[in-house]
Each structure stands twice: as C-alpha cells, then as structure tokens.
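Understanding the architecture of this molecule
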Amino acid sequence: MTGAKHLTIVGGGLAGALLATLLAQRGWQVDVYEQRSDPRVAGYAGGRSINLALAERGLHALKQAGLDHRVLEQAVMMRGRFVHPLEGEAHLQRYGRDDSEVIWSISRGELNITLLNAAERAGVHLRFDQALKSVDFKTKRARFDCLGGDQEVSFTALIGADGAGSSLRGQMHAELPFEERTEWLDHGYKELEIPPSESGGFRIEANALHIWPRGHYMCIALPNDERTFTVTLFMPLEGAYPSFQQVSTPDAALALFEAQFPDTLPLIPKLKEDFGKNPVGKLATLYLDRWHLQDKAVLIGDAAHAMVPFHGQGMNCAFEDCVSLAEHLDAADDLEAAFQAYSAERMPNAAAIQQMALENYIEMRDKVDDAAFLLQRELELTLQARHPERFVPHYTMVTFMRIPYAVALARSDIQRDILIAATRGKTTLADVDLATADAQVNEQLPPLTAHA
Ligand code: FAD
Ligand code: 8R5
C-alpha cells in the first residue's frame, strides 16, 4: 500500500481492537472510536461473566498479534461435549483425537481488555464514550456523540467493527443502498449461573462444554476461570410448551427445570432470580451483498455477517476477517482494491459458517444423544483414521483447522452423505460395509493437504 496509511475504526470490541493492533504493528496509524466507556477503568459493561469459546481460527489470529499465550493463560480448556441426557449417564464426547484438539473458554471482558492493552502498546489511539452518529462520505467527515457533545472527525477510510447493530452499516446504506436481510431465529436464549462449590471448586466437570439436549430446546454450560459456569437455555420464543412465551415467569422456569433439567437444579441456586432478571436474548443471521463502499468504508465481524451462536464461531470468524483485511491492506495498491479483495475472499466463507452455525443447533439439541448419530460419529473417526488426508470430521475442519469455511461446508456435505448411506439400518460399526465407504471417500474427496 502506498500513500497515507491512516485508518479510523468504529468499535473497540473484539474485532476492532484486534484489527487495530494488527494494523498498528504493520505501521498503520490507527484511531479507534468506541461507544462504551473504557472497560479498564469502568469495569466491563457487559456486566455478568460472559464467556466465549475460542478455537483454532481465533487463536491463530491472536498469534499473529503475539497475544495467544496471554489469552490462553486465562482460558479453561474444553475437551469435548459433556452430554447430559434426561435419562441415562452423562458422558464426554471428545471434540478431537487428543488434547491437541480442544477449544478454550475465555471471558469476553478479560479478552477485550487484553486486546485494548495490546492496541495501545502498538501505538493505536483509543477513544471511549464516542458513538458514531452520522457520516458525510463526500467530505469524509464522521460525527460522534460523546459526553461533552458532538464532535466531527475527518477520516481517510472507516472500518466498521461496531457489531451486529452497526451504525456505520446504516450510514453506508444511506449513501449507496445494498441488499440487507436479517433472518431472525424463532428461538431465543436466557443466561443463568452455576456458582463455585462450597469448597471453591467447579461444581461439574471443568474441562468440557456441557450440553443438556432436549430435542427442540437445550441448555449448555461453559466454564469460567473463576470456577463458575455460564448456563444458557436456548428455546423457541413462541408456540408449544416449552417456549419463552409459555415459560415467562421464574416459577414457570423452576417447573421446567424440575421436569426437564433436574440434575441442574442443585447447581443453579439462583435459578428463579437469574431467570427473572436476565433478558431473553434474540438471535439472527445477517446477510449483505456488499461489505464495502468504494475506498471509503468496509465492514468486519458481526457488522458484516452476524450469525447464530451454535458453532461458537462468531468471534473466531471475526478474528479471521481481521487477519485477512490486514493482509489485503498491506498487499493491495490502494484501499478500494484491498476492500474488494478482502470482501471477495471472506464473503463466501462467512456465508458458509452462517449456514453451518444454523445446522449445528439441530445437532446439539437433538442429535448428540441419538444412537444413529453416535454410530455416524464412530464411523467418522474410523474413516479419518483410514484416510487422514481425505476424510476429516466436520467439527475438526471448522474448529481445529483453518481451511476456508466454504471448503469445510462442501466437504462436510459429501461426507455426511457417505456416513448416512453407510450406517443406514445398521446398529454397530461391525455391520458397516467399509470397503464401499472407502471407495466413496477415495472417489469423492480429494486430499486436503493443500489447505492444511
Ligand atoms: P462486538 O464484539 O459486538 O463489538 C462491537 C463494538 O462496537 C462494541 O464494543 C460496541 O460497544 C461498539 N459499538 C457499537 N456501536 C457503536 C457506535 N455507533 N460507535 C462506536 N462504537 C460502537 N463467538 C464465538 O466465536 N464463540 C463463542 O463461544 C461465542 N459466544 C457468544 C456468546 C454470547 C452471549 C454472544 C452475544 C456472542 C457470542 N459469540 C461467540 C459471538 C461473538 O461475541 C461475536 O461474533 C464477536 O463479539 C464479534 O466481534 P465484533 O467486534 O464484530 O463485535
Ligand atoms: N452465544 C459454542 C459451540 C459448539 C459446541 C458443540 C455452541 C451463548 C448467546 Cl450455542 C454455542 C458452541 O458443537 O458441541 N462451541 O462454542 C458457544 C455457544 O453459545 C455461546 C456460549 C452463546 C450466544 C449465548
């Protein structure tokens, strides 16, 4: 890139703070405007201890900024799904082959602070309590609302890292309309908490992502480093019992948990209080047909492609965007070429993970304790061992590799067909015709080595 290397980032959340660091480390002059107060001074405004699953894609991006070790120090390892059926024994289903294939539970507040500190160390100019209000793209001036009144700032280009409700997106739309569609999921969520045990330890297995699958709804729990768990109940918003419409009071919540999640009752002492206090979260997928406006503005992270949470990839994907945009900004001749190349690379991949995230809800809430699914999972691992270059389990491609999401989706579709055909009507692996499955793998799945 030749010319002025100056950029203004709107939003100092996860993607904004990481991108600012990556760019400053590459010699860019970067300003960040964040609407909230500085979490290092005011405490994290998210309030409750909210945790996120960090996987290989996000970890690799943090490594580019030299932050992987710092973040992992505060993380709790999750080896697999700990499945709690309504009847029968709870058990761990490993995500990968061993402890080199795990995901990490990290606190959003701590992560954001780590990223903001890194940005500042790299020379980024951070400004808090500044909300983007309007943009004049002709004169390249942006207006921010701040405590002392409005202020106008001139910019070279704006980067929208201002999350799902992005105001920069709205301003870009007003300047040059594009196709924008928000598909709301008809399910929502409520957060609850498992405190530490009386002796100060974790009340259930710490190194796992817990799932209570119940068909059309589910609970999950992720560990926090202060030995609590954040439990999330996902359920339809309306319609037949149970839905948030029908389960709308703390007493109704208690009745639901007594009947459907009895093993969690002694773990969540403030169930009624949490349920009454915390709002029902809404979930949506955001589809745009353009992410940039000439050489003047570009979107990253949730502002560009908010997704439902069920693959735990929203932040991971946002971090991949940051690395991609930083690399294209370095390589391209001008800003417009960089924004164009970044969009061309990332848009198909964002669409793929958005789709896979929707699909994984059904797997988590309905399939993980199903015999046919478990046999398919067993065959998946067997075929991986027999064809390590060609057959890589779906979850592994998304979570432990960095192959483009679109490649993972295309290969998963082929693999699913092979798994379903080979296990149809079978109850054990011994009954599966491995020779036929082997032939299909060799025929339909070229080696993956190029993407490793
Ligand atoms: P955000 O992190 O939302 O940051 C946007 C920032 O912009 C905020 O700081 C906001 O204050 C600021 N802002 C907004 N408007 C303005 C404005 N007008 N002017 C200035 N600043 C503004 N992803 C995973 O990968 N794994 C998980 O396990 C996971 N769990 C999640 C759990 C929950 C409860 C939620 C809600 C999301 C979860 N996600 C997870 C998704 C993940 O949080 C997002 O994908 C990720 O935060 C996107 O980063 P972002 O920087 O684009 O947006
Ligand atoms: N986000 C996650 C996974 C996949 C787990 C698996 C799923 C809560 C609002 Cl629902 C969900 C996953 O397939 O076994 N990894 O990480 C995180 C998830 O939900 C987060 C905590 C969440 C938005 C509420």
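For the structure, check the block above.
What this report covers is the structure whose coordinates are included nearby. The shown structure was predicted, so the numbers you read here are calculated from the model rather than taken from an experiment. (Residues numbered from 1 in each chain as written. Chains lettered and ligands numbered in written order. Predicted model: local features only at pLDDT ≥ 70, side-chain atom pairs only at ≥ 80, totals over all residues. Heavy atoms only, no water.)

Within the chain, the secondary structure is distributed over 15 helices and 19 strands. Here the C-alpha radius of gyration of the chain, 23 Å, is about what a compact globule of 452 residues would show, namely 22 Å. Reported as C-alpha extents along the three principal axes, the dimensions of the chain are approximately 70 × 55 × 40 Å. Counting every position in the chain, which comprises 452 residues, the buried fraction comes to 52%. For the chain, the proportion of contacts with a sequence separation of at least 24, taken over those separated by at least 6, is 70%. (Helix = DSSP H or I, 4+ residues; strand = E, 2+ residues; numbered from the N terminus. Rg over C-alpha atoms; globule rule 2.2 N^0.38 Å. Buried < 20%, exposed > 50% of the residue type's maximum accessible area, 1.4 Å probe, protein only. Contact = heavy atoms within 4.5 Å.)

Tallied over the entire structure, the rule returns 24 salt bridges. A salt bridge links Asp38 to Arg40, with the shortest nitrogen-to-oxygen separation between them at 2.9 Å. The exposure class of Asp38 is buried, given its relative accessible area of 15%. (Salt bridge = Lys/Arg side-chain N within 4 Å of Asp/Glu carboxyl O.)

Here we take up the site of ligand 1. In the vicinity of ligand 1 there are 29 residues, among which Glu34, Ala53, Arg108, Ser167 and Asp302 approach most closely. In the model, an oxygen atom of ligand 1 is placed 2.6 Å from a nitrogen or oxygen of the Glu34 side chain. About the coverage of ligand 1: the protein hides 83% of its 1,000 Å² of free accessible area. Those elements that place two or more of their residues in the shell around ligand 1 are α1 (14-25), β3 (51-54), β9 (130-136), β13 (180-194) and α10 (314-331). Counted by class, the shell around ligand 1 contains twelve nonpolar, eleven polar and six charged residues. (Near = heavy atom within 4 Å. Polar contact = N/O pair within 3.5 Å; in protein donor to acceptor, adjacent residues only side chain to side chain. Areas by Shrake-Rupley, 256 points an atom, 1.4 Å probe, with all protein chains shown as cover. Nonpolar A, V, L, I, M, F, W, Y, C, P; charged D, E, K, R; others polar.)

It is worth spelling out the packing of aromatic side chains at this point. A complete count under the given rule lists twelve aromatic pairs for this structure. Taking the centre distance of 4.1 Å and the plane angle of 15 degrees together, the rings of Tyr33 and Phe144 count as stacked. Here Tyr33 is found in strand β2 (residues 29-33), whereas its partner Phe144 is found in strand β10 (residues 141-146), with 111 residues between them in sequence. By relative accessible area, Tyr33 is classed as buried at 4%. Residue classification places Phe144 among the buried positions, given a relative accessible area of 1%. For the ring pair Trp291 and Tyr342, a centre distance of 5.7 Å and an interplane angle of 50 degrees mean the geometry is tilted. Residue Trp291 is found in the loop between β17 (281-288) and β18 (292-293), and its partner Tyr342 is found in helix α11 (residues 335-367); the two are separated by 51 residues along the sequence. On the accessibility criterion, Trp291 (2% relative accessible area) is buried. Classification of Tyr342 as buried rests on a relative accessible area of 0%. Connected via pairs of aromatic rings, a cluster forms that spans Tyr189, Phe234, Phe310 and Tyr361. (Phe/Tyr/Trp six-rings, centres within 6.5 Å; stacked < 30°, edge-to-face > 60°.)

Next up on the list: helix α5 (residues 108-121). Compared with the 20 Å implied by 1.5 Å per residue over 14 residues, the 20 Å span of α5 between its first and last C-alpha is a close match. Within the span of α5, buried status applies to Gly109, Leu111, Asn112, Thr114, Leu115, Leu116, Ala118 and Ala119. Of the residues trailing α5, Gly123 is marked for its positive phi of about 105 degrees. (Expected span 1.5 Å × (residues − 1).)

Given a rise of 1.5 Å per residue, 33 residues ought to cover 48 Å, and the 46 Å separating the end C-alpha atoms of α11 matches this to within 8%. In α11, a bend of some 30 degrees at Arg346 exceeds every other bend along the element, and Pro348, a proline, comes one to four places later. In this structure Asp334 caps α11, since a side-chain oxygen of it lies 3.1 Å from the backbone nitrogen of Glu336. (Bend = angle between axes of the 7 residues up to and from the residue.)

A word on the pairing of strand β16 (residues 229-236). Judged by how many residues are buried, β16 sits mostly within the fold: eight of eight residues are covered. In this structure, β13 lies alongside β16, joined through eight bridges in antiparallel fashion. Its bridge partner being in β16, Glu193 is matched across the sheet by Thr230. Of the pairings in the sheet, the one linking strand β15 (residues 218-223) to β16 comprises six bridges and is antiparallel in character. Its bridge partner lying in β16, Cys219 is registered against Leu233. The antiparallel pairing of β15 with β16 creates a hairpin that spans five residues between the two strands, and Arg227 there sits at a positive phi of about 70 degrees. (Pairing = 2+ DSSP bridges.)

Attention shifts here to the sheet that holds β10. Ordered by their spatial adjacency, three strands build an open sheet running β9-β10-β11, and the pairing between neighbours is antiparallel. The open sheet has two free edges, formed respectively by β9 and β11 (149-154), since each of these has just one partner strand. Averaged over all pairs of adjacent strands, the angle between their axes in this sheet comes to 25 degrees, without regard to strand direction. (Axes fitted to C-alpha atoms, helices over the stretch in contact; angles between N-to-C directions.)

Another point: the site of ligand 2. Near ligand 2, the surroundings consist of 16 residues, among which Ala53, Arg81, Tyr95, Pro309 and Asn360 are the closest. Between ligand 2 and Tyr95 there is a distance of 2.8 Å, counted from an oxygen atom to a side-chain nitrogen or oxygen. One of the side-chain nitrogen or oxygen atoms of Asn360 is found 2.9 Å away from an oxygen atom of ligand 2. Contributing elements (two or more residues each) for the shell around ligand 2: β14 (209-213), β16 and α11.

A word on the sheet that holds strand β19 (residues 297-299). Taken in spatial order, the six strands make up an open sheet running β8-β2-β1-β12-β19-β18, and their pairing is mixed. Bordering the open sheet on either side are β8 (125-127) and β18, each of which pairs with just one other strand. Where α11 meets the sheet, it contacts β1 (6-10), β18 and β19, and its direction lies at approximately 20 degrees from that of β19.

So, about the state of the cysteines. Enumeration according to the criterion identifies zero disulfides in this entry. Of the cysteine sulfurs around Cys317, a residue in no disulfide, the closest is that of Cys322, at 9.9 Å. (Disulfide = S-S within 2.5 Å.)

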